[in-house]
Amino acid sequence: MQFRETIISIKNLTKTFGTGHAAVTALSDVSLDIEKGEIFGVIGLSGAGKSTLVRCINLLEKPTYGSVIVNGQDLTTLSDAKLRLARRDIGMIFQGFNLLMQKTAQDNVAFPLTLCGIGKKESRKKALELLSLVGLKDKAKSWPAQLSGGQMQRVAIARALATDPSVLLCDEATSALDPATTDSILELLRDINRRLGVTIVVITHDMRVIEQICSRVAIISDSKVAEVGYSADVFRKPKTDAARSLVLPPGERLTGLKSGGELIRLAFDGSTSDRPVIAEMVLKFGQPVNIVYADTRVIEGRIYGHTIIRLPDDRDISIKMQSWLTEQEVSFTKED
Amino acid sequence: MLNLVFSGFLETLFMTLVSVAFAYIIGLPIGLALVVTAPEGIKPARGVNAVLGVIVNILRSVPFLILLVAVVPLTRLIMGTAVGSAATVVPLVIAAFPFVARIIEASAKEVDRGVIEASLSMGATTMQIVTRVILPECLPSLINGAAIVTMTILGYSAMSGIVGGGGLGAIAINYGYYRNNSQIMLIMIAILVIMVLFFQGLGTYFSRVSDKRIN
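Concerning helix α2 (residues 80-87) of chain A
No. 1: Every buried residue of α2 of chain A is accounted for by Leu83, Ala86 and Arg87 of chain A. The arc enclosing the buried residues of α2 of chain A, seen along the axis, measures out at 100°, which places them on a common side. Facing away from the buried side of α2 of chain A by over 90 degrees, the exposed positions are Lys82 and Leu85 of chain A.
No. 2: Buried residues along α2 of chain A sit in contact with β5 (73-74) and β6 (90-94) of chain A together with α6 (113-121) of chain B.

Brief notes about the nonpolar core
No. 1: Ile8, Leu53 and Leu75 of chain A together with Ile134 of chain B are the most contacted members of the largest nonpolar core, which has 79 residues in total.
No. 2: By residue number, the principal contributor to this core is helix α5 (residues 85-109) of chain B, which donates 12 residues.
No. 3: Residues in contact with Ile8 of chain A, not counting those within four places in the same chain, are Leu32, Asp33, Ile34, Ile57, Ile69, Val70, Val167 and Val201 of chain A.
No. 4: In terms of nonpolar packing, the next biggest core, distinct from the first, is built from 50 residues, Phe97, Leu161, Val209 and Ile213 of chain A among them.

Looking at the pattern of salt bridges
Residues and elements named next belong to chain A.
No. 1: Across all of its chains, the model carries 15 salt bridges over all chains by this definition.
No. 2: For Arg55, the salt bridge goes to Glu61, with nearest N and O atoms at 3.0 Å. Comparing Arg55 with Glu61 shows no difference in burial state: the two are buried.
No. 3: Asp107 is the salt-bridge partner of Arg124, the closest N and O atoms lying 2.8 Å from each other. Residue Arg124 is found in helix α4 (residues 120-133), and its partner Asp107 is found in helix α3 (residues 105-115); the two are separated by 17 residues along the sequence.

A word on the packing of aromatic side chains
No. 1: Summed over all chains, the structure comprises 4 aromatic pairs over all chains.
No. 2: When the ring of Tyr205 of chain B is compared with that of Phe206 of chain B, the centres are 5.2 Å apart and the planes differ by 80°; the resulting orientation is edge-to-face.
No. 3: When the ring centre of Phe285 of chain A is taken as reference, the NZ or CZ atom of Lys284 of chain A above it lies at 6.0 Å.
No. 4: Between the NZ or CZ atom of Arg179 of chain B and the centre of the ring of Tyr175 of chain B, over which it lies, the distance is 4.4 Å.

Points about helix α1 (residues 50-57) of chain A
Count 3.6 residues to each turn of an α-helix, and residues three or four apart come out pointing the same way.
All names here are of chain A.
No. 1: Most of α1 sits out of view: 7 of its 8 residues are buried.
No. 2: Within α1, burial applies to Lys50, Thr52, Leu53, Val54, Arg55, Cys56 and Ile57.
No. 3: Note on α1: the residue one or two positions beyond its end, Leu59, has a positive phi of about 60°.

Side note on the sheet that holds β6 of chain A
Residues and elements named next belong to chain A.
No. 1: Across the sheet, 6 strands lie side by side as β6-β7-β8-β3-β9-β10; this open sheet has mixed pairing. Each having just a single partner strand, β6 and β10 (224-230) make up the two edges of the open sheet. Strand-to-strand twist across the sheet, computed as the mean angle between neighbouring axes with direction ignored, equals 15°.
No. 2: One ladder, built from 5 bridges, connects strand β7 (residues 167-171) with strand β8 (residues 199-204); its direction is parallel. Note on β8: the bridge partner recorded for Asp171 is Ile203.

Focus: the sheet that holds strand β2 (residues 24-35) of chain A
Hydrogen bonds between backbone groups are what pair the strands of a sheet, and the pairing can be parallel or antiparallel.
Residues and elements named next belong to chain A.
No. 1: The antiparallel open sheet is built from 4 strands, whose spatial order is β2-β1-β4-β5. The open sheet has two edge strands, β2 and β5, and neither has a second partner.
No. 2: Sheet topology note: the strand β1 (residues 6-17)/β2 ladder contains 8 bridges and is antiparallel. Bridge pairing in β2 links Ile8 to Ile34.
No. 3: Sitting on the sheet, α1 is in contact with β1, β2 and β4 (65-70), with an inclination near 120° to β1.

Some points on the interface of chain A and chain B
No. 1: The interface is formed by 24 residues belonging to chain A together with 24 residues belonging to chain B.
No. 2: Summing both sides of the interface, chain A and chain B together bury roughly 2100 Å²; the carbon and sulfur share of this comes to 57%.
No. 3: It is Arg84, Gln102 and Leu115 of chain A in chain A that bury the most area against chain B; as a group they hold 30% of the surface buried on that side.
No. 4: Linking chain A with chain B are 2 salt bridges, by the criterion used here.
No. 5: Here Arg55 of chain A ties to Glu117 of chain B by a salt bridge, and the two come within 2.8 Å at their closest N and O atoms.
No. 6: Broken down by secondary-structure element, the contributors of at least two residues to the side of chain A that touches chain B are α2, β6 and α3 of chain A.
No. 7: When residues in the side of chain A that touches chain B are grouped by element, the largest group, 4 residues, is from α3 of chain A.

Some remarks on the domain arrangement of chain A
No. 1: The domain architecture assigned to chain A consists of domain 1 (6-247) and domain 2 (262-334).
No. 2: Computed over C-alpha atoms, the centres of domain 1 of chain A and domain 2 of chain A are 37 Å apart.

Examining the pairing of strand β3 (residues 39-43) of chain A
All names here are of chain A.
No. 1: Most of β3 is tucked away, with 5 of its 5 residues classed as buried.
No. 2: Residues Ile39, Gly41 and Ile43 of β3 are buried on one face, and the alternating residues Phe40 and Val42, pointing to the opposite face, are buried as well.
No. 3: Inspection of the sheet shows β3 paired to β8 by 5 bridges, in the parallel sense. By the bridge assignment for β8, Phe40 is matched with Val201.
No. 4: Relative to strand β9 (residues 216-221), β3 runs parallel, the two sharing 4 bridges. Residue pairing in the sheet places Phe40 in a bridge with Arg216 of β9.

Some thoughts on a nonpolar patch on the surface
All names here are of chain B.
No. 1: Taken together, the side chains of Leu65, Val69, Met159, Ile162, Val163, Tyr177 and Tyr178 make up a nonpolar region of the molecular surface, amounting to roughly 680 Å² of accessible area.
No. 2: Counting only elements with at least two residues in the nonpolar patch, the list comes to α3 (64-70) and α9 (167-178).
No. 3: If you trace the backbone, Val163 turns up in the loop between α8 (139-159) and α9.
No. 4: Judged by its relative accessible area of 37%, Val163 falls in the partly exposed class.

Here we look at the confidence of the model for chain A
No. 1: Mean pLDDT over chain A works out to 88, with 92% of the residues at or above the 70 mark.
No. 2: Element-level mean pLDDT values for chain A span from 76 in strand β12 (residues 290-299) of chain A up to 97 in α3 of chain A.

Procedures and definitions
Residues numbered from 1 in each chain as written. Chains lettered and ligands numbered in written order. Predicted model: local features only at pLDDT ≥ 70, side-chain atom pairs only at ≥ 80, totals over all residues. Heavy atoms only, no water. Buried < 20%, exposed > 50% of the residue type's maximum accessible area, 1.4 Å probe, protein only. Helix = DSSP H or I, 4+ residues; strand = E, 2+ residues; numbered from the N terminus. Arc of directions from axis to C-beta. Contact = heavy atoms within 4.5 Å. Core = buried A, V, L, I, M, F, W, Y, C linked by side-chain atoms within 4.5 Å. Salt bridge = Lys/Arg side-chain N within 4 Å of Asp/Glu carboxyl O. Phe/Tyr/Trp six-rings, centres within 6.5 Å; stacked < 30°, edge-to-face > 60°. Lys NZ or Arg CZ within 6 Å of the ring centre and 35° of its normal. Pairing = 2+ DSSP bridges. Axes fitted to C-alpha atoms, helices over the stretch in contact; angles between N-to-C directions. Buried area = accessible area lost by both parts, 1.4 Å probe. Domains from an automatic or database assignment. Patch = residues over 30% accessible without salt bridge, like charges linked within 9 Å, V, L, I, M, F, W, Y side chains within 5 Å. Areas by Shrake-Rupley, 256 points an atom, 1.4 Å probe, with all protein chains shown as cover. pLDDT = per-residue confidence, 0-100.

This is how it looks when you write it as structure tokens:
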């Protein structure tokens, strides 16, 4: 385990909207440490408070209680002027892209630089470099209205990187995009993370986004952190209900299946999935199993996924199969 | 006769444009302040917002003809007289700046909240957001608003003819109405209609060419 430096430290963060009886708690005593150079995911269902969390990192939302320390500076104690300076070190992209519609792509990217007082010519020059980094050099003179969603998000990424921030916050940045465009944007974020060493915080409700680029993930549920861990671990062995419902979205839950043998969920963690585990088991015990659900994907060259199988009616064989699976170090859980 | 019409036209044009200019000088900052200090604005300030809101609402609810005679003492104080085109500018500005403030407020509110938030996340100051985000982003709407303001003031300026204001309105009332010259009346109406159409066309055209959202 290499030495890691904490870049964002959230301590006992609480955010309440409104006062008195109408008060709504969006975040309740949330503490998180995000390491320098990692891509950290925050996932949760709508209304769980994840968006409020990311907006508290650059203080677009003022925490009711707690502190947010970025690069050793507690943002909650800063004056307005100092906070503005600190924000230049924290880029942000949004679900709705939020480009200036009356400015060209190039001027959008140059905008944060001109806000800092950098001259128009110099800002535009750097904007062009950033646009080529995101693969849109030829669209420099285009208006946002002429660009596709994916292209607009690329411009927004270039704009967020203009002030050379050490942190990039992504608030549901791919939620408005189709799957193929989502993939290309995620690829770009990963590339930026590797090339520039920018720490990236990704807020999403989509487990696929976490799987594709996040090394670690925090699951937010009911205004609290339900679980934090390496994405692969959380994906393989979700410990909490909140995590389980995200790994296996409700739509894919198996309900109302006619009774029969026991249903178990096999989790492939990248180490066993190059072996035909289920086939081996069937051959060994000479009894068929029914595959009722399967979802696997390749993450960083290894296969991860879940398969739900129905074991034979015969209790004896069912138990033997389960102990065999344990021997083979295939983790599984029983489905209700 | 032609001379009379031409000088009336020039007077109306002068009254309208000068009043529009002053109405914007006063109304633009008030309109922007209303947006910035609103509860959901970038710098909420309940007191300032309420005071500005009340001033604007009161002035907006006084019918122009009443306002016109009510401010006569003020007009005398500022212009030395309450008669003529130049003097009419005073009530016109007082009537128009609250209207301008509301028009500006409506345009500025059209700017996507997300864009303002993105600018805040970049470390923009309130002033930078107003001058470099809100105003440029709602420019097409501001131009449309300016056309509406101009047409309204044009209408008010004609109305001021009844109490000693100059321009086309005065001619229409003095020659067309009191002397019962329907020919003059029709000519005045025609010129006023053409002016309104002209300002409207101008506004629509520049609003469209300045808008980069439709291409």
